[in-house]
Protein chains: 2
Amino acid sequence: MRQAGRYLPEYRAIRKTRSFHEVMRTPELACEVTLQPVDLVGVDAAILFSDILVIPEAMGLGLEMESGVGPRFDRTVRSAADVAGLKPVDPTVDLGYVMDALRLIRRELDGRVPLIGFAGAPWTLASYMIEGQGTKDFRHAKRLLMADPAAMTALLDKLTDAVGDFLVAQIEAGAQVVQLFDSWADALAPAEFRRFALPTYHRIIERVKPTGVPLILFARGAMWALPELAQTGADVLGIDWHIEPAEARRLAGDGVGLQGNLDPAALYLPPDEIRRRTESMIAGFGATGYIANLGHGIFQDTPVDSARAFVAAVKGHAG
Amino acid sequence: MRQAGRYLPEYRAIRKTRSFHEVMRTPELACEVTLQPVDLVGVDAAILFSDILVIPEAMGLGLEMESGVGPRFDRTVRSAADVAGLKPVDPTVDLGYVMDALRLIRRELDGRVPLIGFAGAPWTLASYMIEGQGTKDFRHAKRLLMADPAAMTALLDKLTDAVGDFLVAQIEAGAQVVQLFDSWADALAPAEFRRFALPTYHRIIERVKPTGVPLILFARGAMWALPELAQTGADVLGIDWHIEPAEARRLAGDGVGLQGNLDPAALYLPPDEIRRRTESMIAGFGATGYIANLGHGIFQDTPVDSARAFVAAVKGHAG
């Protein structure tokens, strides 16, 4: 909900002359679009404008942002040799533009709302690196995982280290909360999720824990795993819109915060219906240990007033 | 698992000179590729070679099968007026080629294995008709559903009638089991699933019930709804690979058959691992009221011997 994006005319105005990549890599522009949802919609936190694929890019895969097609890598990773050939990443150096953006945003926010950093989780990054682009069936990624689990594990190990370093570097640069997105967790069956995704969360959370900064873990499409996700040490679990709030709370237990989970499509409803749904969602999650949010990314053609109606409903409830 | 498809060289040989559409609409060719998995892989039932989009096509949308892009409609349905303009469908006339294929396949099978017919479920068909092509976010379909639920309901009503008629016509032409695929059930949050998908299952099952032919209902991605799916009157529920077999059985109860749910990617494993997984899956579901199958469509680059290893493991278990 707090994300910048194409639903804001002010964002589209900037993107008319600047590519996604240019905005992301230019701290002043990244700062400007990061602040837009705070200033224009009134959300209560700012989330860094960036992309989960900055780590694979820093590993040397060559990222192309083709309009209409989505991101695409020049090279793919489909063997142990490809994994061995990946460039080691030092986020403070190779992703210095992210840290510069975070420092600038913190200064500009001046304490108004907290700043959230983020990274893609290893499985999601690995599958993007293997496929080379967006995919519906994850055929190459899942074939590697089944046919050569050692190569997959080597890739995930590298990514787990890089993501941990990256989140810690973001925290040192000013992030006050960090979010770990396993956007493609839903491409894994339970056995593979437990073997190739869950252990990476544990390792990354262990790495971030000593900073004392809260971590939000979002394993999209793996809501069946909430009891196990609640044991990772994450402070908050992101909840997607496929599950009812009360059921999410039942599965996760009371020891962890929950964030979510309005279906972004609900912002196509009239404002009074948005308010009704939002209130029912909040009631379902229970008032404590809960962060109201959407259950996935906002649609580009969402009316800005509908986003504002959602924020107003959340704030009205809190007030 | 029983589906024809690109993993069979004998299928690819036919497709070298014939389009998907041509094979589907020519009873002799549809018969030939329907029988391939029975003859070449040894599966214990034949499933009609066809496509879920034949109903929208018969309603006048103009279907293009573009290679690499997937199916695409010339027209989309995005308003009450568009819904009103749809051609009424009489499956025995407008989809006569399907019935001809079924009659021919029954004759050629000569009792060797049962013949399964199928149809796409109304929500999946509706969303395809609204989007006009494959989609990742179902933005147009979900906007219509939220912003104009009356138009969506009118569209679903027409489709529910047509799908019911179509399945009954398939049964009259020789289908001995029918399957209802809601391939995109996972695009609906629980509230919308209950309002726009579940009632269509009830109505279609009521329509098919008097024929006495068993119906398999597959609501992909809605495994959370198994307790409600078990109350639809379906004889068997398809189980996708996102859920563990024992959990699926627990949610569905003992009053309904279950079919599934090996991750198609598991066919990239070595044969002994395929056998081990298959046996563990069968043990998880429990031996009664169960049909071993994959949990989704087979990958096109699946080794044929791996498909055979799966079938052998299932038959070995039964034997």
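Residues numbered from 1 in each chain as written. Chains lettered and ligands numbered in written order. Predicted model: local features only at pLDDT ≥ 70, side-chain atom pairs only at ≥ 80, totals over all residues. Heavy atoms only, no water.

Participant: Which parts of the structure should I look at to understand the relation of the copies chain A and chain B?
Facilitator: With an RMSD of 0.0 Å, chain A superimposes on chain B once it is rotated by 180° and translated 0.0 Å along the axis. Here the copies are linked by what is in effect a two-fold axis. A high fraction, 100%, of the interface residues of chain A reappear at the interface in chain B, so the copies pair face to face through one surface. (Least-squares fit on C-alpha atoms with pLDDT ≥ 70 in both. Contact = heavy atoms within 4.5 Å.)

Participant: Explanation requested: the interface of chain A and chain B in the structure shown.
Facilitator: Interfaces are often sized by the amount of accessible area the parts lose when they come together. Opposite the 30 residues of chain A that make contact, chain B presents 30 residues. Each partner contributes to the roughly 2600 Å² buried at the junction of chain A and chain B, and carbon and sulfur atoms together form 56% of this total. Together, Arg139, Met146 and Tyr268 of chain A form the three largest contributors to the area buried by chain A at its contact with chain B, with a combined 22%. The partner of glutamate 244 of chain A in a salt bridge is arginine 194 of chain B, with the nearest N and O atoms 2.8 Å apart. Linking chain A with chain B are twelve residue pairs in polar contact (both at pLDDT 80 or more), by the criterion used here. (Buried area = accessible area lost by both parts, 1.4 Å probe. Salt bridge = Lys/Arg side-chain N within 4 Å of Asp/Glu carboxyl O. Polar contact = N/O pair within 3.5 Å; in protein donor to acceptor, adjacent residues only side chain to side chain.)

Participant: Could you clarify how one ought to interpret the pattern of salt bridges in this entry?
Facilitator: Two side chains with opposite charge may pair up if their charged atoms get near one another. Under the definition given, this model contains 38 salt bridges over all chains. Taking the shortest distance from any N to any O, the salt bridge between arginine 139 of chain B and aspartate 301 of chain A comes out at 2.9 Å. Of this pair, arginine 139 of chain B sits in helix α9 (residues 139-147) while aspartate 301 of chain A sits in the loop between β9 (290-294) and α15 (304-318), each in a different chain. Judged by relative accessible area, arginine 139 of chain B falls into the buried class, the value being 18%. Bridged by salt links that share partners, the residues Asp137, Arg139 and Arg143 of chain A together with Asp301 of chain B form one connected network. (Helix = DSSP H or I, 4+ residues; strand = E, 2+ residues; numbered from the N terminus. Buried < 20%, exposed > 50% of the residue type's maximum accessible area, 1.4 Å probe, protein only.)

Participant: What exactly am I supposed to notice about the nonpolar core here?
Facilitator: One broad rule of soluble globular proteins: the nonpolar side chains tend to lie buried together. Of all hydrophobic cores here, the largest spans 262 residues; its most connected members are Phe193, Tyr201 and Leu237 of chain A together with Phe193, Tyr201 and Leu237 of chain B. Ignoring sequence-local partners within four residues, the contact set of leucine 237 of chain B consists of Leu217, Leu226, Leu229, Ala230, Ala252, Val256, Gly257, Leu258 and Gln259 of chain B. (Core = buried A, V, L, I, M, F, W, Y, C linked by side-chain atoms within 4.5 Å.)

Participant: In this structure, what is going on with the side chain of aspartate 182 of chain A? I would like to understand it.
Facilitator: Residue and element names in this part refer to chain A. Its place among the elements puts aspartate 182 in strand β5 (residues 177-182). One buried charge, aspartate 182, has no salt-bridge partner; the nearest side chain with opposite charge is arginine 220, at 9.0 Å. Contacts of aspartate 182, omitting those with residues within four sequence positions, involve Ala121, Trp123, Thr124, Ala197, Tyr201, Phe218, Ala219 and Arg220. (Lys, Arg positive; Asp, Glu negative; His and termini not counted.)

Participant: Is there a simple way to explain unusual backbone geometry in this structure?
Facilitator: In terms of backbone geometry, most residues other than glycine have negative phi values and most peptide bonds are trans. Residue and element names in this part refer to chain A. With an omega of -15°, the peptide bond running from glycine 260 to asparagine 261 counts as cis. With respect to the helices, strands and loops of the structure, asparagine 261 is situated in strand β8 (residues 257-262). The phi torsion at aspartate 110 lies on the positive side, around 50°, for a residue other than glycine. Take aspartate 110: its relative accessible area is 66%, and that puts it in the exposed class.

Participant: Sorry, what's going on with the sheet that holds strand β7 (residues 236-239) of chain B here?
Facilitator: Working definition: the strands of a sheet are paired by backbone hydrogen bonds and lie parallel or antiparallel to each other. Residues and elements named next belong to chain B. An order of β1-β4-β5-β6-β7-β8-β9 is seen for the seven strands of this open sheet, with the pairing classed as parallel. Taken across any chain shown, the strands that pair with only one partner, and hence form the sheet edges, are β1 (46-47) and β9 (290-294). Across five bridges, strand β8 (residues 257-262) lies against β9 in parallel orientation. Of the residues in β9, the one forming a bridge with leucine 258 is tyrosine 290. Contacts from helix α14 (residues 271-285) reach β7, β8 and β9, with the element oriented near 155° to β8. (Pairing = 2+ DSSP bridges. Axes fitted to C-alpha atoms, helices over the stretch in contact; angles between N-to-C directions.)

Participant: For this particular structure, what's the right way to read the confidence of the model for chain A?
Facilitator: Low pLDDT means the predicted coordinates in that region are not meant to be read closely. Residue-level pLDDT values for chain A average 95, and 98% of them are 70 or greater. Here the complex is predicted with pTM 0.95, and the ipTM for its interfaces comes to 0.93. (pLDDT = per-residue confidence, 0-100.)

Participant: Looking at this structure, how should I read helix α8 (residues 122-131) of chain A?
Facilitator: In an α-helix, one turn spans 3.6 residues, which is why side chains three or four residues apart end up on the same side. With respect to burial, α8 of chain A is a largely interior element, ten of its ten residues being buried. Within the span of α8 of chain A, buried status applies to Pro122, Trp123, Thr124, Leu125, Ala126, Ser127, Tyr128, Met129, Ile130 and Glu131 of chain A.

Participant: Even after reading the chapter, I still don't get the sheet that holds β9 of chain A, so can you show me in this structure?
Facilitator: Residue and element names in this part refer to chain A. In spatial order, the strands read β1-β4-β5-β6-β7-β8-β9; together these seven strands make up an open sheet with parallel pairing. For this open sheet the edge positions go to β1 (46-47) and β9, each flanked by a neighbour on one side alone. Packing of helix α11 (residues 190-208) onto the sheet brings it into contact with β5 and β6 (215-219), and relative to β6 it is tilted by some 170°.

Participant: Please explain the packing of aromatic side chains as it appears in this structure.
Facilitator: The geometry of two aromatic rings is summed up by the distance between their centres and the angle between their planes. According to the stated counting rule, one finds 24 aromatic pairs over all chains in the structure shown. Seen in terms of ring centroids, phenylalanine 285 of chain A and tyrosine 290 of chain A are 4.5 Å apart; in terms of plane orientation they differ by 20°. Their pairing is stacked. As far as burial versus exposure is concerned, phenylalanine 285 of chain A and tyrosine 290 of chain A are alike and both buried. A connected cluster of aromatic rings, assembled from ring pairs, spans Phe73, Trp123, Tyr128, Phe138 and Trp184 of chain A. Positioned above the aromatic ring of tryptophan 241 of chain B, the side-chain terminus of lysine 142 of chain A is 3.8 Å from the ring centre. In this arrangement the basic side chain of arginine 143 of chain A is found over the ring face of tyrosine 268 of chain B, its NZ or CZ atom lying 5.6 Å from the centre. (Phe/Tyr/Trp six-rings, centres within 6.5 Å; stacked < 30°, edge-to-face > 60°. Lys NZ or Arg CZ within 6 Å of the ring centre and 35° of its normal.)

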